[in-house]
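Structural overview
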Amino acid sequence: MEIMELARSIRERDPARPSLPEVIFAYPGLHAVLWHRFSHALYRRGWRGLARFSAHLARMFTGIEIHPGARIGRRLFIDHGMGVVIGETATVGDDVTPPPGVTLGGLSLKPGKRHPDVLDGATIGAGAQVLGPITVGRGAKVGANAVVVSDVPDHTTVVGIPARSPKDCDDVSAGYGLPTRPAADPLGEEVAALRAEVAALRARVEAMLKDRAA
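Now for a quick tour of the structure. (Residues numbered from 1 in each chain as written. Predicted model: local features only at pLDDT ≥ 70, side-chain atom pairs only at ≥ 80, totals over all residues. Heavy atoms only, no water.)

What about the nonpolar core?
Selection rule: The definition of a nonpolar core used throughout is a set of buried Ala, Val, Leu, Ile, Met, Phe, Trp, Tyr and Cys residues joined through side-chain atoms within 4.5 Å. Throughout this description, buried means an accessible area under 20% of the type-specific maximum (1.4 Å probe, protein chains only), exposed means over 50%, and partly exposed covers the range between. Helix numbers and strand numbers start at the N terminus; a helix is a DSSP run of H or I with at least 4 residues, a strand a run of E with at least 2. Two residues form a contact once any of their heavy atoms are found within 4.5 Å.
In this structure, I66, I86, L104, I124, V136, V142 and V148 are the most contacted members of the largest nonpolar core, which totals 37 residues. Among the elements of the structure, helix 1 (2-13), helix 2 (20-26) and helix 3 (28-44) are those that each provide at least two residues to this core. Apart from the residues within four sequence positions on either side, V136 is in contact with D117, V118, L119, A122, V130, V142 and V152.

If you want it as C-alpha cells, here you go:
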C-alpha cells in the first residue's frame, strides 16, 4: 500500500523521526503526493479540467502545487513543502527530496517538453529553481537557492547562480543541499592578508621610533 511505503520512507529520512501516525495525519508532503496520484489519474483519462480542479484543491490544503500532468515516482519526500511547484511536463524519479520553495519550472511558452527531469535519489535544496527541459542526474545534489538551467550529471553537487559544481565540496547536507564544509572566501582571505601586512608595518615603525629615541 503506497501510503504506508511513503510514510515509512518519510519517517526514515526525516531527522525528527516522527511516528507513523504523525506522518500519515500531519505531513502535507505525503498528502500532496497521494492527492496527486488521483489528479494524475484524471489527467491521463483526459479529464483535464477536473484534474486541474483536484490539483487546485490539493494546493489549497497543502501549500504544494503539482500539475496533474507531472509524473512522480515512488517515495517522494517533500519536506515541509510550502511553496513547492512541479510543472506539467516534469518527471520526478524515486526517492527524490525537495524541501520548501523548490520550483521545477519551465523557460519556454511553446508546447511540448518544458520542465526538468529529476532522476532517482536526487536532493534539491530549499529555494532552488530547476528550470527548462534539463536533467538532474541520479544522486545529484542541488544547493539551496541555486538556479539550475543546464544538466547536472549523476552524483554531482551544484550550487550558486547559475548553478555550477563548487571546488573542494564533495558533501552537502541532506535536508537543504548546503555544503557541510564552507567554501573558500577570497575577499576574507585578502582582508586577512592586508591586516597581517598592516601589523607588520606597525611593528617596523615602532622599532624605528625606539631606535631614534635611543
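Remarks on the sheet that holds strand 7 (residues 123-124)
Quick reminder of the rule: Pairing between strands is defined by DSSP: at least two bridges between the two strands are required.
Here three strands make up an open sheet; going across it, the order is 7-10-12 and the pairing parallel. At either end of the open sheet lies a strand with only one pairing partner, and these are strand 7 and strand 12 (157-158). Pairing of strand 7 with strand 10 (residues 141-142) involves two bridges; the strand directions are parallel. Pairing of I124 across the sheet is with V142, part of strand 10.

Structural notes on empty space enclosed by the protein
To keep things clear, this is the line we draw: Think of a 1 Å grid over the protein atoms and nothing else: a 1.4 Å probe that fits but is trapped marks a cavity, an open set flanked by protein within 12 Å on at least five of seven lines marks a pocket, and residues with an atom within 4 Å of a point count as lining. Grid points are joined across faces, edges and corners, and a volume is the space filled by probe spheres set on the points. Lys, Arg, Asp and Glu make up the charged group, whereas Ala, Val, Leu, Ile, Met, Phe, Trp, Tyr, Cys and Pro make up the nonpolar group; the residues left over, Gly among them, are polar.
On inspection of all chains with the given rule, the structure shows two cavities of 30 Å³ or more. Considered as a void within the structure, the largest cavity measures approximately 60 Å³ in volume. At the level of elements, helix 3, helix 4 (48-62) and strand 1 (65-66) are the ones that each hand at least two residues to the lining of the largest cavity. In terms of residue count, the dominant contributor to the lining of the largest cavity is helix 3 (four residues). Residues belonging to the lining of the largest cavity are distributed by class as follows: seven nonpolar, two polar and two charged. Here the second largest cavity defines a volume of roughly 40 Å³. As for the second largest cavity, its lining consists of L76, I86, V92, V96, P98, V102, L104 and I124. Looking at the lining of the second largest cavity residue by residue, the classes come out as eight nonpolar, no polar and no charged.

Let's talk about the sheet that holds strand 2 (residues 71-72)
The strand order across the open sheet formed by four strands is 2-4-6-9, and the pairing between neighbours is parallel. The outermost strands of the open sheet, each flanked by one partner alone, are strand 2 and strand 9 (135-136). Sheet topology note: the strand 4 (residues 91-92)/strand 6 (residues 117-118) ladder contains two bridges and is parallel. Within the sheet, the bridge partner assigned to V92 lies in strand 6 and is V118.

Regarding the packing of helix 1 against helix 3
Let me state the cut-off plainly: A fitted line through C-alpha atoms serves as each axis, taken over the contacting stretch for helices, and the angle formed by two N-to-C directions is quoted from 0 to 180°. Any angle from 65 to 115 degrees is called roughly perpendicular, while one under 35 is roughly parallel, one over 145 is roughly antiparallel, and all others are oblique. Rotating anticlockwise by less than a right angle from the far helix to the near helix defines a left-handed crossing, while the corresponding clockwise rotation defines a right-handed one.
Look at helix 1 against helix 3: their axes get within 11 Å of each other, and the N-to-C directions meet at 150°. The orientation of helix 1 relative to helix 3 falls into the category roughly antiparallel. Handedness of the crossing formed by helix 1 with helix 3: right-handed. Across from E2, I3, L6, A7 and I10 in helix 1, the residues of helix 3 making contact are L30, V33, L34 and R37. Within the contact of helix 1 with helix 3, the residues separate by chemical class into seven nonpolar, no polar and two charged.

Some points on the pattern of salt bridges
Between side chains of opposite charge, a pair can form as their charged atoms come close. The cut-off we apply is this: A carboxyl oxygen of Asp or Glu within 4 Å of a side-chain nitrogen of Lys or Arg is what we treat as a salt bridge.
Going through the model one piece at a time under the given rule, you end up with eight salt bridges. Here R59 makes a salt bridge to E65, at a shortest N to O gap of 3.3 Å. According to the relative accessible area criterion, E65 is partly exposed, its value standing at 30%. Because the salt bridges share partners, they merge into one network encompassing E5, R13, R74, R75 and D95.

Concerning helix 3
This is how the line gets drawn: The span one expects for a helix is its residue count, reduced by one, times 1.5 Å.
Between the first and last C-alpha of helix 3 there are 24 Å, a value that for 17 residues agrees with the 24 Å anticipated at 1.5 Å per step. Of all the positions in helix 3, only G29, L30, A32, V33, H36, S39, H40, L42 and Y43 are classed as buried. Buried residues in helix 3 make contact with helix 1, helix 2, helix 4, strand 1 and strand 2. Directly after helix 3, the chain includes G46, whose backbone phi takes a positive value near 90°.

Interpretation in functional terms is not warranted from these geometric data alone.
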